[in-house]
Amino acid sequence: QVQLVESGGGLVQAGGSLRLSCAASGSIFSIRMGWYRQAPGKQRELVADLFSGGSRNYADSVKGRFTISRDTAKNTLYLQMNSLKPEDTAVYYCKYTNYVGQSYWGQGTQVTVSS
């Protein structure tokens, strides 16, 4: 049974930083790991993803501010968020996709950025 547990969300002032973590348990051979977010009344959107080969993609809105990384030994995915803006406020989710196309989601962690 694969489980993804996010942590690290919270309330921060604009310009501040947070680091989100997504700890994976169970056997999963992921080829793609990503962070998504969903703001109230909006669709869930991709923030950043990381492929097993090492390539990374970022949404234009977070380029230069957010960094996705992974600690393979700890089986944990991270999202370092700097220079946060009120428009970054959302529930953030991690998602792992394995070699046969199965995807797993975490439960989400709330990030609130005050102006």
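Calculation notes
Residues numbered from 1 in each chain as written. Predicted model: local features only at pLDDT ≥ 70, side-chain atom pairs only at ≥ 80, totals over all residues. Heavy atoms only, no water. Helix = DSSP H or I, 4+ residues; strand = E, 2+ residues; numbered from the N terminus. Rg over C-alpha atoms; globule rule 2.2 N^0.38 Å. Buried < 20%, exposed > 50% of the residue type's maximum accessible area, 1.4 Å probe, protein only. Contact = heavy atoms within 4.5 Å. Areas by Shrake-Rupley, 256 points an atom, 1.4 Å probe, with all protein chains shown as cover. Lys, Arg positive; Asp, Glu negative; His and termini not counted. Charge placed at Lys NZ, Arg CZ, Asp CG, Glu CD. Disulfide = S-S within 2.5 Å. Pairing = 2+ DSSP bridges. Axes fitted to C-alpha atoms, helices over the stretch in contact; angles between N-to-C directions.

1. Some thoughts on the overall build of the protein chain
Secondary structure summary: the protein chain contains zero helices and 11 strands in total. Helices (α) and strands (β) of the protein chain occur, in sequence order from the N terminus, as β-β-β-β-β-β-β-β-β-β-β. What you see for the protein chain is a C-alpha radius of gyration of 13 Å, in line with the 13 Å of a compact globule of 115 residues. Across the 115 residues that make up the protein chain, the buried fraction comes to 42%. Sequence separation of at least 24 residues holds for 53% of the intrachain contacts in the protein chain that already meet a minimum separation of 6. As displayed, the protein chain offers around 6,100 Å² of accessible surface, 47% of which is attributable to carbon and sulfur atoms. Looking at the protein chain, you have 12 positive and 7 negative side-chain charges, and the mean spots of the two groups are 3 Å apart.

2. As for the state of the cysteines
Here the structure, examined in full by the defined rule, presents one disulfide. One disulfide bridge connects Cys22 with Cys94, the sulfur atoms lying 2.0 Å from each other. An S-S torsion of about 60° defines the bridge between Cys22 and Cys94 as right-handed. Linking Cys22 in strand β3 (residues 18-25) with Cys94 in strand β9 (residues 90-98), this pair joins segments that are 72 residues apart in sequence. Exposure class is identical for Cys22 and Cys94. Each is buried.

3. Digging into the sheet that holds strand β8 (residues 76-81)
Reading across from one edge, β1-β3-β8-β7 is the order of the four strands in this open sheet, with antiparallel pairing throughout. The open sheet has two free edges, formed respectively by β1 (3-7) and β7 (66-71), since each of these has just one partner strand. Here the average twist between neighbouring strands, direction ignored, is 15°. Here six bridges tie β7 to β8, and the two strands are oriented antiparallel to one another. Along β8, the bridge assignment pairs Arg70 with Leu77.

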